[in-house]
Amino acid sequence: MELTLWTYEGPPHVGAMRIAASMKGVHYVLHAPQGDTYADLLFTMIERRGERPPVTYTTFQARDLGGDTAELVKSHISEAVDRFKPDALLVGESCTAELIQDQPGSLAHGMGLNLPIVSLELPAYSKKENWGASETFYQLVRTLLKDTLKEDNEHDPTAWKTEERHPRVNLLGPSLLGFRCRDDVLEIQKLLNEHNIDVNASAPLGASPADLLNLPKADINVCLYPEIAESTCTWLERNLGMPFSKKIPIGVNATQEFLEEIHDLLGMAPPNQNLLVQKSRLTWYSKSVDSNYLTGKRVFIFGDGTHSIAAAKIAKEELGFKVVGIGTYSREMARAVRATAKEFGLEALISNDYLEVEAAITNAAPELVLGTQMERHSAKRLGIPCAVISTPMHVQDVPARYSPQMGWEGANVIFDDWVHPLMMGLEEHLIGMFRHDFEFVDGHQSHLGHQGAKQHQFDEPEENCFENLPKTDSSEIIPIWTPEGKAELAKIPFFVRGKVRRNTEKYALQTGCKSIDSETLFDAKAHFGA
Amino acid sequence: MGGSTLLKESGPREVFCGLTSIVWLHRRMPDAFFLVVGSRTCAHLIQSAAGVMIFAEPRFGTAILEEKDLAGLADAHEELDRVVKDLLRRRPEIRTLFLVGSCPSEVIKLDLGRVAERLNELLRGKVQVLNYSGSGIETTFTQGEDGALKALVPLMPITKSDQLLLVGTLANAVEDRLISLFNRLGIERVVSLPPRQSTELPAVGPGTKVLLAQPYLTDTARALKDKGAQILQAPFPLGIEGSRLWMEAAAKAFNINATLVSSTLDPLILRAHKAIEPFRTQLEGKRIFLLPESQIEIPLARFLHRECGMELIEVGVPYLNREMMQPELDLLPKGTRIMEGQHVENQLDRVREKQPDLVVCGMGLANPLEAEGISTKWSIELVFSPIHGIDQASDLAELFSRPLHRKALLNQNQLANA
């Protein structure tokens, strides 16, 4: 048993729902009790969808368990097929139904229905949402394409040359409840079109089973979200010989590498380097003098694998930040995130416990947190600016405006989304500096709200700079801060104050200081170089 | 009167399970913790329904069953002991721990009663451990509260003195107001279940008269009756009329002089009628369809029809307790369609066919109906909002008039899409 107060991912059948709801003409019959229908609100509320997810729940009750739940499954299947007339049917079970072992998939196969049926086995007690989405997408593609497989899987990704047409690619992985997928697809389509590459199909988002049947008509596959599409891409490569791209086009550098990889896979001449960089404003904005204050900003990153890895690279290479922590809740992506962390000289945090993540943030004393909606809440509590870069997300992370993460425009969006909270962070600092000036109007509130502002009021340094800091081991004798030392500490910007306090105390302990005054603080600062 | 048409249907349902009531129960008793013994689905459900991110550490959690728990490789009792110890170490302020059964724990027949018993021995009174089921195979939405309250009944001390016991979670401000009104009527001793601290349970006994503040507390009412309490029959305190009849039922049971009752309540009723009038004007003649979810659909329908002049197309309820609902059913117009149970597809077909002005439904259905041009009201909002009592009647009416007002406003100001 695992004690969970909050979970980053839902159960695997919610992943299956994401695939069904993303597509057209697919219906999902889910053997599940009535409470499981809550999952509809993820789509209608968070994604603000104007249609119900295409899911029929069998909603069996305790009194059905003594009788024939298998009949119940069959009647719901035939009713769903009659009513919704899907082109493909997914059949599966949620955690409770898994225990009663009705095997709804086999039941569906035995009903003589004239449509493709995918029987989903998603172990609810060991797997989670993204795995469920990935498995569902893979099973659906496999079911639809397995009969079309030929003995030889000869596939020529450069066939477009002889056929005298534009090269064609599939965009695989975008789904509902993914992060900004709706706009990423448009941006990548636009990006590829600029290089005379056509999009054959985009799936699962917006695709029908017929579109999946057409996947082999593309020259290569573009794996946009490995969490969802890597297993499908691997299967298509192994069975149809279609190669797939591995670079994720989030950030200016990554978009460039992505284009190079695509060109290479398609046998095209490499894209003109000089033309590429100018396509995004991020590069110039980051170089502009105004961005000087971004240098070395301490940033903590947590999210799904794809977005965390991309964020770390952008933070370091394109914005000149210092990555002080990186992690993911995704076990499937743990290896990749660990490898990235190693490049940054860090140890990755692989955890599904948001309190552990919050503790890691507190310890790393970052000036900016890039995370999921949960890290936004943690950061708010800690008074640290934050931008959301990954699911799980809140309704406010599904903006009305066009705001992709991928491609050139995605890089622009990222610059704004990450830097604006920091501007506000700087503003907080200025408010602190000027709050004693007579012109200052009291009651000014920044986005951090009451709590954030309270923690770094400068007129109450004694209490406040000791708030929200990790407790030091009580066996250690902590040097005493003199009033003068405290006053000096209070002058340090709030977002690094915790770090400075701990370093100074560490230094004082090492050097045998019993009390800390401003000199000790400056000595420590010189010693640690921060 | 009282000639409602009682219908039943079955099929796919779209309702929450009993776990959802933890969302308001944990707020009512801040010293209690609700530990669901279930799956990741349970954890995901509660956090999705509650939007829990605002809490640093919420007062509810899930002990998620894993493969090894099911395969019998781990002893479920030992595992729960470990999880509970871990939890109590982290949260020493917890005084009452509810172990909440779920669909998976019911199906694998995990005996949470026995677990609670053993934990109580282990913890020796430091923390009271209780259990109930919020599983979706046995309970819907608000029934979870019934289970939790019923679990508290055996712990209630015995009293012989006369008192009024209000049962069902009310917003604190509303509860204070109702108690002060009962005091004005001369009912001195008014207590509540659930209490505001789990350790401050009210007493119960032969002198106790019970008013149910919520219509979904069947099992709790029965348990209180077994303790000698008298359950007062009345409509529920929604709207002016319902609240008045509800309070009058108590007054009558305590032999309060009718003149005192009317001199106390009449001015409030007069004021409430004035307050409700602008909303009544907007709602009058409008047609409403209530989908089953919270179990307060019938009292709401009674209020919306009799005090706001709305036409009732269909009133859905997850289940119908005839005895408890009789005072409400008596007030409904002849021929009101009461639909017990659900076939969500067929019911939505009827919604589309009837084109009501307003539909009361769950969060999963609201936006899809809005997208079809049908205004909606979330039923979950009605279990969170302070809507009980005479003074809240206009607020309750406002909740229903707002979507209509908004639709009119947008239609007036936006260029027609067509």
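Residues numbered from 1 in each chain as written. Chains lettered and ligands numbered in written order. Predicted model: local features only at pLDDT ≥ 70, side-chain atom pairs only at ≥ 80, totals over all residues. Heavy atoms only, no water.

A. View of the overall build of chain B. If you tally the helices and strands in chain B, you get 17 helices and 14 strands. For 418 residues, the compact-globule estimate of 2.2 N^0.38 gives 22 Å, and the C-alpha radius of gyration of chain B, at 22 Å, lies within 12% of that figure. By its C-alpha atoms, chain B is 60 × 60 × 40 Å across when sized along the principal axes. Within chain B, the proportion of its 418 residues that are buried is 62%. For chain B, the proportion of contacts with a sequence separation of at least 24, taken over those separated by at least 6, is 75%. (Helix = DSSP H or I, 4+ residues; strand = E, 2+ residues; numbered from the N terminus. Rg over C-alpha atoms; globule rule 2.2 N^0.38 Å. Buried < 20%, exposed > 50% of the residue type's maximum accessible area, 1.4 Å probe, protein only. Contact = heavy atoms within 4.5 Å.)

B. Structural context of the overall build of chain A. Summing up its helical and strand segments, chain A has 24 helices and 16 strands in all. Each of the 530 residues in chain A was classed as buried or not, and the buried ones make up 60%. A separation of at least 24 residues holds for 72% of the contacts in chain A among residues at least 6 apart in sequence. Carbon and sulfur atoms make up 50% of the accessible area of chain A, which amounts to about 21900 Å² in all. (Areas by Shrake-Rupley, 256 points an atom, 1.4 Å probe, with all protein chains shown as cover.)

C. Examining the environment of B:Leu19 more closely. Residue and element names in this part refer to chain B. Among the structural elements, Leu19 can be located in the loop between β1 (5-9) and α1 (22-28). Leu19 sits in the buried class, given a relative accessible area of 2%. In the structure, Leu19 is positioned 126 residues away from Glu145 in sequence and 8.7 Å away in space, judged by C-alpha atoms. Beyond its immediate stretch of four places on either side in the chain, Leu19 contacts Val36, Cys42, Leu45, Ile46, Val100, Gly101 and Gly134.

D. Local environment of the pairing of strand β12 (residues 337-341) of chain B. Residues and elements named next belong to chain B. β12 sits mainly inside the fold: four of its five residues count as buried. As defined by bridge partners, β1 adjoins β12 across five bridges and the pair is classed as parallel. Looking at β12, one finds that Leu7 is bridged to Met339. Pairing of strand β11 (residues 311-317) with β12, which is carried by three bridges, proceeds in the parallel orientation. Looking at β12, one finds that Gly316 is bridged to Met339. Traced from β11 through helix α13 (residues 322-329) to β12, the parallel crossover comes out right-handed. (Pairing = 2+ DSSP bridges. Right-handed = clockwise from strand over helix to strand, strands pointing away.)

E. Looking closely at the sheet that holds strand β3 (residues 60-64) of chain B. One open sheet holds the five strands; their spatial order is β1(A)-β3(B)-β2(B)-β4(B)-β5(B), and the pairing between them is mixed. Each having just a single partner strand, β1 (2-4) of chain A together with β5 (128-133) of chain B make up the two edges of the open sheet. Here the strands of the sheet are splayed against their neighbours by 25 degrees on average, with no regard to which way each runs. Relative to strand β4 (residues 96-101) of chain B, strand β2 (residues 32-38) of chain B runs parallel, the two being bridged by six bridges. (Axes fitted to C-alpha atoms, helices over the stretch in contact; angles between N-to-C directions.)

F. The interface of chain A and chain B, seen in detail. Taken together, the contact between chain A and chain B spans 54 residues of the former and 65 residues of the latter. Buried area between chain A and chain B, summed over both chains or domains, comes out near 5100 Å², and the portion from carbon and sulfur atoms is 60%. In this assembly, chain A and chain B are joined by three salt bridges. The partner of A:Arg83 in a salt bridge is B:Asp349, with the nearest N and O atoms 2.8 Å apart. For the side of chain A that touches chain B, the secondary-structure elements that each account for two or more residues are β1, α1 (12-22), α2 (40-46), α3 (62-65), α4 (69-84), α5 (95-100), α17 (354-364) and α18 (373-382) of chain A. Looking at the side of chain A that touches chain B residue by residue, the classes come out as 23 nonpolar, 17 polar and 14 charged. Here three bridges tie β1(A) to β3(B), and the two strands are oriented antiparallel to one another. In the strand pairing of β3(B), A:Thr4 is matched with B:Thr62. (Buried area = accessible area lost by both parts, 1.4 Å probe. Salt bridge = Lys/Arg side-chain N within 4 Å of Asp/Glu carboxyl O. Nonpolar A, V, L, I, M, F, W, Y, C, P; charged D, E, K, R; others polar.)

G. Quick peek at the pattern of salt bridges. Counted under the stated rule, the structure contains 40 salt bridges over all chains. Two residues, B:Asp176 and B:Arg196, come together in a salt bridge whose shortest N-O distance is 2.7 Å. Here the residue B:Asp176 occupies a position in helix α8 (residues 172-184), and B:Arg196 occupies one in the loop between β7 (190-193) and β8 (208-212), the gap between them amounting to 20 residues. Members of the salt-bridge network, linked through shared partners, are A:Arg83, B:Asp349, B:Arg352 and B:Glu372.

H. Representation of helix α10 (residues 239-253) of chain B in the model. With 15 residues, α10(B) extends 21 Å between its outermost C-alpha atoms, agreeing within 8% with the 21 Å of an ideal straight helix rising 1.5 Å per residue. Taken from the residues just after α10(B), B:Asn255 is the one with a positive phi, measuring 50 degrees. (Expected span 1.5 Å × (residues − 1).)

I. Just the state of the cysteines, in detail. Scanning the entire structure with this criterion turns up zero disulfides over all chains. Free cysteine: B:Cys42, not disulfide-bonded; nearest cysteine sulfur from A:Cys95 at 5.8 Å. A relative accessible area of 7% means that B:Cys42 is categorised as buried. (Disulfide = S-S within 2.5 Å.)

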